[in-house]
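Structural description and commentary
Residues per chain are reported as follows:
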Amino acid sequence: MTDRPVLHRSPHLHGAYAPVTEEVTAFDLPVTGSLPPELDGRYLRNGPNPMGLDDPGHWFLGAGMVHGLRLRDGRAEWYRNRWVRSREVAGALGEPWPAGPVHAGMDFAANTHVVAHAGRTLATVEAGPLPYELTAELETVGPCDFGGTLPGGFAAHTKPDRLTGDLHAVAYFWGWDHVQHVVIGPDGTVTGTTDVPVTDGPMMHDFALTERYVVLFDLPVTFSMDAAAAGSQLPYTWNPSHQARVGLLPREGAVREARWFEVDPCWVFHTLNAHDDGDRVVVDLCRYDGAYDMTVLTEQGTLTLERWTIDPAAGRVTRQVLDDRPQEFPRVDERVVSRPHRYGYSAVTAELDRTTVRMDGSFRDDAFAGALLKHDLSAGTVEAHRFPRDAVVGEGVFAPSAPDAAEDDGYVMAFVHDPERGAADLVVLAAQDFAGPPVAVVHLPARIPLGFHGSWMPDP
């Protein structure tokens, strides 16, 4: 067990976001209810967890810590949390760095997502650094460039294509005059990269995928040399002179050039899913209206779940609001990524106030509290699973009950802070009884700070 002191100075080091100071390993965890025996695998989630006395200055910049549970035969076999051992983190822990490739001198303890592909477990982050490979027990293997086949940096978000076995990503880096679409094949090596020219160095946190296109979001949060010169470790700011646009990059063809379509100024962190609809492309996403201040994570306009329909023949993008309550972390059954979907899941970010983060950069106490939502996008209905007062829920991840089960035949799982215990639970909901009582609640021995993204990784 590793214990690190944390100095609680900044707003994002308090409350539900406060880092934990220990690495914990626990076995045979207590369960209320019954874990479905078909849930055989690992549920992992990544997020920032600053260590030591240094304040990273921004929620996005804390060293990554991955939290995971191993479920098997109706039991919660183990819980672990581990820092990703970058060179800096390994040094702070008094350990040798596992070593490995580094892109452009940018080594970082990846803190945004954790995904599985081709037998690897990968912690990911954006803006240039490589992902870090982890063992099944969350120990750090080292930075990963896919056997030397990745030419540059990687991305926070990836999209699996279940029909081809490929993993898609869109990487950006301040030193490039382009963003890069990357395809990793089923064997775990990069099979293709495509550079897409852009200006101003836009941040592309996420993208979308259809059977025909990679959908790119070139929005007015761009690299700022002034912010970098002033010492900002996250030098991306709102740039009102940068035209907001969405691009369609063909997945196939001898010449792969993106076609761009202008949209109103806005910001998009996350997409739910996308698919082809005849000659058009449909994308569901969470949209922040107007300017977005990346330095303190505040939006000036509303946050809504929307459907964008891109019509290449007409040369325009139309918008439809699917749900006007503030919500984030949209997720879909990953088996339908890039293909038509009926259901989606998201977390209510702040039910009574549209501002998740106060103007001084501190977080609302209920920033990710309240409820998980299940959207039936065919019926136009929404179900909410509400958690007890003062409980705090993060992203919900869908796990099918069987590889060939229907789209909503399965479970939604999320980490939820239990204020009475001062620790976290893994709550497992039946997707087809979403508003009903949990199927199972696994009681963890430690608190899990609010973080970012995770994955259900079933055993082969």
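Structure first, text after, so check above.
Definitions and cut-offs
Residues numbered from 1 in each chain as written. Predicted model: local features only at pLDDT ≥ 70, side-chain atom pairs only at ≥ 80, totals over all residues. Heavy atoms only, no water. Pairing = 2+ DSSP bridges. Helix = DSSP H or I, 4+ residues; strand = E, 2+ residues; numbered from the N terminus. Salt bridge = Lys/Arg side-chain N within 4 Å of Asp/Glu carboxyl O. Buried < 20%, exposed > 50% of the residue type's maximum accessible area, 1.4 Å probe, protein only. Phe/Tyr/Trp six-rings, centres within 6.5 Å; stacked < 30°, edge-to-face > 60°. Lys NZ or Arg CZ within 6 Å of the ring centre and 35° of its normal.

1. Quick look at the sheet that holds strand β15 (residues 213-218)
As summarised here, the arrangement of the four strands in space is β14-β15-β18-β19, forming an open sheet in which the pairing is antiparallel. Either end of the sheet is taken by a strand with one partner, and the two such strands are β14 (208-209) and β19 (259-262). Taken together, the two bridges between β14 and β15 define a ladder with antiparallel strand orientation. Within the sheet, the bridge partner assigned to A208 lies in β15 and is V215.

2. Brief notes about the pattern of salt bridges
Tallying each qualifying case throughout the model produces 29 salt bridges. Between R75 and D28 there is a salt bridge; the shortest N-O distance is 2.5 Å. On the criterion of sequence distance, the pair formed by R75 in strand β5 (residues 75-83) and D28 in the loop between β1 (25-27) and β2 (31-33) is long-range, its members being 47 residues apart. According to the relative accessible area criterion, R75 is partly exposed, its value standing at 38%. Here R335 makes a salt bridge to D333, at a shortest N to O gap of 2.6 Å. Take R335: its relative accessible area is 22%, and that puts it in the partly exposed class. On the basis of relative accessibility, which here comes to 3%, the residue D333 falls in the buried class. Each of D28, R72, R75 and E77 takes part in a single network of salt bridges with overlapping partners.

3. Comments concerning the packing of aromatic side chains
Scanning all chains against the criterion turns up 15 aromatic pairs. Plain terms: the ring middles of W267 and Y292 are 6.3 Å apart, the flat faces sit at 35° to each other, and that makes the pair tilted. Taken together, the residues span a long stretch of sequence, with W267 in strand β20 (residues 266-267) and Y292 in strand β23 (residues 292-293) at a distance of 25 residues. We classify W267 as buried; its relative accessible area is 1%. Since its relative accessible area comes to 3%, Y292 is described here as buried. Above the plane of the ring of F207 lies K159, whose end atom (NZ or CZ) is 5.7 Å from the centre. Taking NZ or CZ as reference, R245 lies 3.8 Å from the ring centre of W260, over its face.

4. What about unusual backbone geometry?
Here A118, not a glycine, exhibits a phi torsion of approximately 50°, which is positive. Within the fold, A118 resides in the loop between β6 (113-117) and β7 (120-124). By relative accessible area, which is 36% here, A118 ends up partly exposed.

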